[in-house]
Amino acid sequence: YKPAAQAFRIVLNAIENPEWNNLSDEVRSALLADEELTYSLIAESFLEAGEYADARVIFQKAAAAGSQQDDSGWLDFQLARVDYRAGKYAQAQKKLESYVQQKLNFGGTTPYEILQSLMESATAPERSEPDRPSAIARFRDWLSDDPDNFPLLSYVADLTRKKGTLDDAAKLYEKSLAANPTVEVYSKLLDAYLRLQDSEMLLYTLTRVMTDVRSLEPFREEISQIVANRELLESLFELGRTNVEIDGGDAQTMTCGRLAVEAKRFVQADEFISQLKDEDEQLDLYVTWGLQCLEDEEYDKAVKVFCKTLATPTGQSNEGVLRYYLSGALQLAGRTDEALSEANAAASLVGDIPEVSLRPYWIHYQAGNNDLAQAGYAAWLNKYSDDYSAPG
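Residues numbered from 1 in each chain as written. Predicted model: local features only at pLDDT ≥ 70, side-chain atom pairs only at ≥ 80, totals over all residues. Heavy atoms only, no water.

### Some details on the packing of helix 9 (residues 150-163) against helix 10 (residues 166-179)
Contact geometry of helix 9 with helix 10 gives a least axis separation of 8 Å together with a crossing angle of 155°. The orientation of helix 9 relative to helix 10 falls into the category roughly antiparallel. The element helix 9 and its partner helix 10 pack so that their crossing is left-handed. Facing Phe150, Leu153, Ser154, Val156, Ala157, Asp158, Thr160 and Arg161 of helix 9, the residues of helix 10 in contact are Leu166, Asp168, Ala169, Leu172, Tyr173, Lys175, Ser176 and Ala179. (Axes fitted to C-alpha atoms, helices over the stretch in contact; angles between N-to-C directions. Helix = DSSP H or I, 4+ residues; strand = E, 2+ residues; numbered from the N terminus. Parallel < 35°, antiparallel > 145°, perpendicular 65-115°, else oblique. Left-handed = near helix turned anticlockwise from the far one by under 90°. Contact = heavy atoms within 4.5 Å.)

What follows is the structure in structure tokens.
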């Protein structure tokens, strides 16, 4: 930050004294095309470099350039940050409490983080507990007065969760989701229900994740905890079975199928996926399952999954692609003749798709049939060498 501040001093000098620095009107106009943003960037650098007096002056310049936020509120917030870093705690707290009372929210959770630190410094010199009741009480009062303030709601929820009041935290996260359904809030809500061991709400939330986010990938940590807890996983499966009997819906069935795939529970995965009424969802989960088996180097299982998928109505309508996947699994399982048969069938079914037409020669290569592989690759390259339509 020090070198950044030094470099920005040169920029400031050039902007303010263009004739001394041979700065053309064109370049100066470009630098100040968004004057507020330029000055805010420079002020941030001064703040991080510990040059608080200069940061204060440049934040004032940014405010004078015109803010999309409420001007006084924005400037008070930035000056409170400067005061806090400069050790002027009383001034910082006064400005930030004004920010809260004005029901502003453009600062995200930063104002509340600073306020929490300030309140603790006054009441607890050691500051060993970041969620002391006195601080939480103040934040809850502010939230009661400004219930639609999403950053404040999120911050209070986090404080409540850290304190261990998980039921209350879960309720706050539910409100957060209603206002702003983000991956981060879903993750924290899943964590709360995991720690509560509330399998019913956990399955309900996971199902919402599958519906809203369409993936469990952002929730690797939470899914790993669920998969590792055999008792909890069985409870989720049992709930999934019961709910299907009650409402016949697909959503929780799909979630249980995905969990079974993650847990490598072959029988349960087949049980739930085969019950799905949405054929596209069923196909997607079967393919995900098969590819997961390949990734885990469980090639015989992958063969079984792709064969089962081919037997479904949706599988038959996607026969070419599935036989392409199956051919790869067969070869990796050491079944070269069957793999070649499936690869040739896939190529004839899908038409002129470069990746699929290459598969038979890949199988020859994997099987050590180098002459056949080389001839096939050469012919393939000759045909597709000018095709740049896909990275592969």
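Back to the text.
### Considering helix 13 (residues 220-228)
Turn by turn, an α-helix covers 3.6 residues, leaving residues three or four places apart pointing in a common direction. Glu222, Ile223 and Ile226 are the residues of helix 13 that are buried. Projected down its long axis, helix 13 shows its buried positions confined to an angular sector of 95°, all on one face. Away from its buried face, by an angle of more than 90 degrees, helix 13 presents the exposed residues Glu221 and Ala228. (Buried < 20%, exposed > 50% of the residue type's maximum accessible area, 1.4 Å probe, protein only. Arc of directions from axis to C-beta.)

### Observations regarding the packing of aromatic side chains
In total, this model carries 15 aromatic pairs according to the counting rule given. Geometrically, the ring pair formed by phenylalanine 306 and tyrosine 325 is stacked, given 5.5 Å between the ring centres and 15° between the ring planes. With a gap of 19 residues between them, phenylalanine 306 in helix 18 (residues 299-310) and tyrosine 325 in helix 20 (residues 319-332) connect regions that are remote in the sequence. Judged by its relative accessible area of 0%, phenylalanine 306 falls in the buried class. A relative accessible area of 24% means that tyrosine 325 is categorised as partly exposed. In textbook terms, an aromatic cluster arises when at least three aromatic residues are bridged by ring pairs, as seen for Tyr112, Phe139, Trp142 and Tyr155. Between the NZ or CZ atom of arginine 359 and the centre of the ring of tyrosine 324, over which it lies, the distance is 4.0 Å. (Phe/Tyr/Trp six-rings, centres within 6.5 Å; stacked < 30°, edge-to-face > 60°. Lys NZ or Arg CZ within 6 Å of the ring centre and 35° of its normal.)

### A closer look at the nonpolar core
Inside soluble globular proteins, nonpolar side chains tend to come together where they are buried. Phe139, Leu202, Leu206, Ile226, Leu259, Ile273 and Trp289 are the most contacted members of the largest nonpolar core, which has 78 residues in total. Examining the composition of this core, we find that seven residues originate from one element, helix 17 (residues 279-295), more than from any other. Not counting the four nearest positions on each side in its chain, leucine 202 is found in contact with Leu190, Tyr193, Leu194, Ile226, Leu232 and Leu236. Judged by nonpolar contacts, the second largest core, of 20 residues, contains Phe8, Leu12, Ile15 and Phe46. (Core = buried A, V, L, I, M, F, W, Y, C linked by side-chain atoms within 4.5 Å.)

### Re the side chain of aspartate 83
Structurally, aspartate 83 can be placed in helix 5 (residues 71-85). With relative accessibility at 2%, the residue aspartate 83 sits in the buried group. Among all residues touching aspartate 83, those that are not within four sequence positions of it are Arg56, Lys88, Gln91, Ala92 and Lys95.

### Brief notes about unusual backbone geometry
Both trends apply: most residues other than glycine have a negative phi, and most peptide bonds are in trans. Notably, lysine 103 is not glycine yet its phi reads approximately 60°, a positive angle. As for its position among the elements, lysine 103 is in the loop between helix 6 (89-101) and helix 7 (110-123). Residue classification places lysine 103 among the partly exposed residues on the basis of a relative accessible area of 41%. In this structure, glutamate 297 is a non-glycine residue whose phi angle is positive, near 60°. When you line up the elements, glutamate 297 lands in the loop between helix 17 and helix 18.

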